[in-house]
Amino acid sequence: TAPARDRLRIAIQKNGRLAEPARSLLTACGLSWRQSRDKLFCYGESLPVDLLLVRDDDIPGLIADGVCDFGIVGRNELDEQGAARRRIGLPDAYQALRGLNFGQCRLMLAVPEEWEWTGVEQLAGKRIATSYPAILADWLAERGVDAQVVELSGSVEIAPRLGTADLICDLVSSGATLAANQLKPVETLLESEAVLAGPVRTPDDARAGLMAMLLRRLDGVVKVQDSKLLMFRAALDRVSELTRLLPDADPLVQLPDDGGHLRLQTMCHGALTWQRLEDLERAGAQGLMVLSVERSLA
Ligand code: ATP
Ligand code: MG
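Residues numbered from 1 in each chain as written. Chains lettered and ligands numbered in written order. Predicted model: local features only at pLDDT ≥ 70, side-chain atom pairs only at ≥ 80, totals over all residues. Heavy atoms only, no water.

The strand order across the open sheet built from five strands is β9-β8-β10-β7-β11, with neighbouring strands paired in mixed fashion. Only two strands of the sheet have a single neighbouring strand rather than two, namely β9 (148–151) and β11 (183–192). Looking at each pair of strands side by side, their axes are set apart by 30 degrees on average, direction ignored. Sheet topology places strand β8 (residues 127–130) next to strand β10 (residues 167–172); three bridges connect them, and they run parallel. Residue T130 lies in a different strand from β10, and its bridge partner there is C169. The sheet contacts of helix α3 (residues 75–87) involve β7 (105–112), β10 and β11, and relative to β11 the element is tilted by about 80 degrees. Against the sheet, helix α4 (residues 133–142) contacts β7, β8, β9, β10 and β11, and its axis sits at roughly 100 degrees relative to β11. (Pairing = 2+ DSSP bridges. Helix = DSSP H or I, 4+ residues; strand = E, 2+ residues; numbered from the N terminus. Axes fitted to C-alpha atoms, helices over the stretch in contact; angles between N-to-C directions. Contact = heavy atoms within 4.5 Å.)

Time to look at the layout of surface pockets. Rolled over the atoms, a probe sized like a water molecule indicates the empty space that remains. By volume, the largest pocket is sized at about 1,000 Å³. Lining the largest pocket are 34 residues, with R17, D56, N76, Y132 and L171 positioned closest to its centre. Elements supplying a minimum of two residues to the lining of the largest pocket: α3, β10 and α6 (176–180). For the lining of the largest pocket, the class distribution of residues is ten nonpolar, 14 polar and ten charged. (1 Å grid on protein atoms, 1.4 Å probe; cavity = no way out; pocket = protein on both sides within 12 Å on 5 of 7 lines; lining within 4 Å. Points joined across faces, edges and corners; volume = space filled by probe spheres on them. Nonpolar A, V, L, I, M, F, W, Y, C, P; charged D, E, K, R; others polar.)

Right, let's get into α3. The end-to-end C-alpha distance of α3, which contains 13 residues, comes to 18 Å, matching closely the 18 Å that a straight helix rising 1.5 Å per residue would cover. Those residues of α3 lying buried are N76, E77, L78, E80, G82, A83 and R85. Backbone geometry just downstream of α3 places G89 in the positive-phi region, at approximately 80 degrees. (Expected span 1.5 Å × (residues − 1). Buried < 20%, exposed > 50% of the residue type's maximum accessible area, 1.4 Å probe, protein only.)

Scope: geometric values only; no functional claims are made or implied.
So this is what it looks like as structure tokens:
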């Protein structure tokens, strides 16, 4: 078992798509660091929480080995390494604890544009290039498809043109890379986003309290990211219609009134476009105000 520690260690990507958003999320949770010169290790100043800046591929392993307590990594990477471990009989060593609402992408099968896609049976005997061989192999096995998995560490999308594979299984966000390579997406294997990963068992030393505190702060930032506080006045007989127009909001809360009209507020979890505000106004809401929410302790 790993030795007791009284400081928490979080692994994040050093450079790349998840590096910046991961760091700002942790900053929003009240963490700050003294930057070390080599920048691999950042010593926590406001709290005993240190950062390790690494390649995203290393993050699951650092948690599995107990070197780091948390990591911020794409669900795709975590699932791939988890599936690879299971394939060789290793026990689960980490888990996704929270979705973090950034780094969204999909792991998809993409075929040459001229193919007419009729379904997974079409994959029999085909060669599929991917950087996610374990997820792909599991997915094919579940569907009873016998195809050949060609593992490539990068530039997967050019494999069909080079003739090293017939189709690919790769991450897609906008689809522009696929289109530029005359490929089209046909099946989704995984919906991914950045996640907070942690060990399967919480350590029973000083870190446990820090981990719980950090999770609570993360929830207080991530869960309100798409929420707005909506305030307005309305007459009592308008309230049921206004409530109907706010199906994505918490129940209306009544504030002390200022004579005649009710003063109401609610947390709304969907988009509050101008169109919606104008609809609410027509239904009797007055003095509508939309406030952004930075953090909350529910
Ligand atoms: P590293 O040098 O750390 O190994 P990398 O090249 O493996 O970096 P990035 O390209 O920075 O990784 O992507 C990191 C993560 O961002 C991916 O694992 C995935 O979860 C997410 N992501 C979001 N959109 C995309 C996309 N269009 N293509 C690839 N990854 C994406
Ligand atoms: Mg990587």
